[in-house]
Amino acid sequence: MNPSIHASTFLCAMLAIVGGARAETPYTAADFAHVKKFDSHTHVNTADGEFLRIASKDGFEILSINVDYPDFPPLARQAEIAHKLLREDPAHFHFATTFSMKGFGGKDWTADTIRHIDAEVQRGALAVKVWKNIGMVEKNAQGHYIMLDDPGFDGVMKHLEERGIPLIAHQAEPKNCWLPLDAMTTENDRSYFRDHPEYYMYLHPEMPSYETLMAARDRFVARHPKLNFVGAHLASLEWSVDRIAKFLDAYPNATVDLAARMTQVQYQSKSDYAKVRRFFIKYQERILYGTDLTEDPPSADERAQNPPTNMAQFSKDADGFWRSDWIYLATADRQHIDAIKADVEGLALPRSVIDKIYYSNARRVFGLSQGAAGLRR
Ligand SMILES: [Zn+2]
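Asks: Please clarify how the side chain of threonine 186 should be interpreted in this entry.
Replies: Among the secondary structure elements, threonine 186 is positioned in the loop between strand S5 (167-169) and helix H7 (187-195). In terms of polar contacts, threonine 186 uses its side chain to reach the side chain of asparagine 188, at 2.9 Å. In this structure the side chain of threonine 186 is engaged in a polar contact, spanning 3.3 Å, whose partner is the backbone nitrogen of aspartate 189. Beyond its immediate stretch of four places on either side in the chain, threonine 186 contacts Asn176, Thr263, Gln264, Ala339 and Ile340.

Asks: Looking at this structure, I do not really get the coordination of the zinc ion. What am I missing?
Replies: The textbook angles at a metal center are 109.5 degrees for a tetrahedron of four donors and 90 or 180 degrees for an octahedron of six. For the zinc ion, the full set of protein donor atoms is His41 (NE2), His43 (NE2) and Asp292 (OD), at a range of 2.1 to 2.2 Å. Motif for the zinc ion, donor spacing along one chain: H-x1-H-x248-D. With respect to class, histidine 41 is no different from histidine 43; both count as buried.

Asks: Explain the packing of helix H10 (residues 241-250) against helix H12 (residues 273-282) to me, please; I cannot follow it from the model alone.
Replies: Packed helix pairs are specified by the crossing angle of their axes together with the interaxial distance, meaning the distance between the axes. Two elements in contact, H10 and H12, have axes whose closest approach is 10 Å; the angle formed by their N-to-C orientations is 20°. On the basis of the axis angle, H10 is roughly parallel to H12. As H10 runs across H12, the sense of the crossing is left-handed. Counted together, Val241, Asp242, Ile244 and Ala245 of H10 and Lys275, Val276 and Phe279 of H12 form the full contact between these two elements. Grouping the amino acids of the contact of H10 with H12 by side-chain chemistry returns 5 nonpolar, no polar and 2 charged.

Asks: What is the right way to look at the packing of helix H11 (residues 262-271) against H12 in this model?
Replies: One can describe the packing of H11 onto H12 by two numbers: an axis separation of 5 Å at closest approach and a directional angle of 130°. Judged on the interaxial angle alone, H12 and H11 are oblique. On the side of H11, the interface is formed by Val265, Gln268, Ser269 and Ser271, while H12 contributes Tyr273, Val276 and Phe280. Across the contact of H11 with H12, the residue classes tally to 4 nonpolar, 3 polar and no charged.

Scoring rules and cut-offs
Residues numbered from 1 in each chain as written. Predicted model: local features only at pLDDT ≥ 70, side-chain atom pairs only at ≥ 80, totals over all residues. Heavy atoms only, no water. Helix = DSSP H or I, 4+ residues; strand = E, 2+ residues; numbered from the N terminus. Polar contact = N/O pair within 3.5 Å; in protein donor to acceptor, adjacent residues only side chain to side chain. Contact = heavy atoms within 4.5 Å. Donors = N, O, S within 2.8 Å, 3.2 Å for Na, K, Ca; no water. Buried < 20%, exposed > 50% of the residue type's maximum accessible area, 1.4 Å probe, protein only. Axes fitted to C-alpha atoms, helices over the stretch in contact; angles between N-to-C directions. Parallel < 35°, antiparallel > 145°, perpendicular 65-115°, else oblique. Left-handed = near helix turned anticlockwise from the far one by under 90°. Nonpolar A, V, L, I, M, F, W, Y, C, P; charged D, E, K, R; others polar.

Here it is in structure tokens:
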């Protein structure tokens, strides 16, 4: 017998013992399109249906998040697109609504905002999004930045808690945002903050610090223990799986999404593969797969955070992005990751863990019926 075959047979037998009754063979790259998946963080800003076409082809349901981002279409237009796509493809399309900060602190803001949220939920919205403008842009009458734990939000947040409506919260930025360009860990952060000096906090020492923003967010989550809280972008703690673990331990009502932060995780798995893999396994119920893939109307001054940027490229880029993440999380394959200029080995997470992170956690958190995860028929 060929000794290498003999050795691998022996290894398989050992893994079967270590893994318990049945060793879980990880998924392969070829399984990608056949496994049910859910991208919990996308922005579909055109109604052309292109995003949904590639999502269905690749086995994804998507949650499109409306957000009060000046580079996106106006909120009313984002809502209109979401309503139309939900009508056309309710099996693959879901959306989250948001609210405007105009009039915050005024006597009608809470009631108006609740009315708006309820109307959108009535039309199918599964969650509400709050963006980093809270903490980093909006100021109160005294000229102070409005933080997420401002009592002015209490009425709205109490309403979400009572109705069981999830809140997707993007506060602060990756920690790289507070570092000089040459100290940043990933190329995607470096190019984003180079192109968005207004959001690049290293240039704005007068603005709230990273830890100030994290502390305000944590006080908020602590104050609303029944709120279904989703920390977008790994709750802005992407630089340390230990720190994310501490956050998840402290707040049992919280989950996190992976959107636009995979390269930060890959950066850590390069130096401590076992720790990162343990993190995903330990918190397998609390992590939602998401990308931040954004389909925007073509425009010369397009500045959305992530690729893709032009319509012809969209499907190709989305498919490539999704497949690369799949190879990293689901398989043991190595691939080159440009953003960290390194070859990265896949985590080969057990199938049952992949099925949760990629599908059932999102269905549970966003209140959708729990169908069987795993391979599509
Ligand atoms: Zn986003």
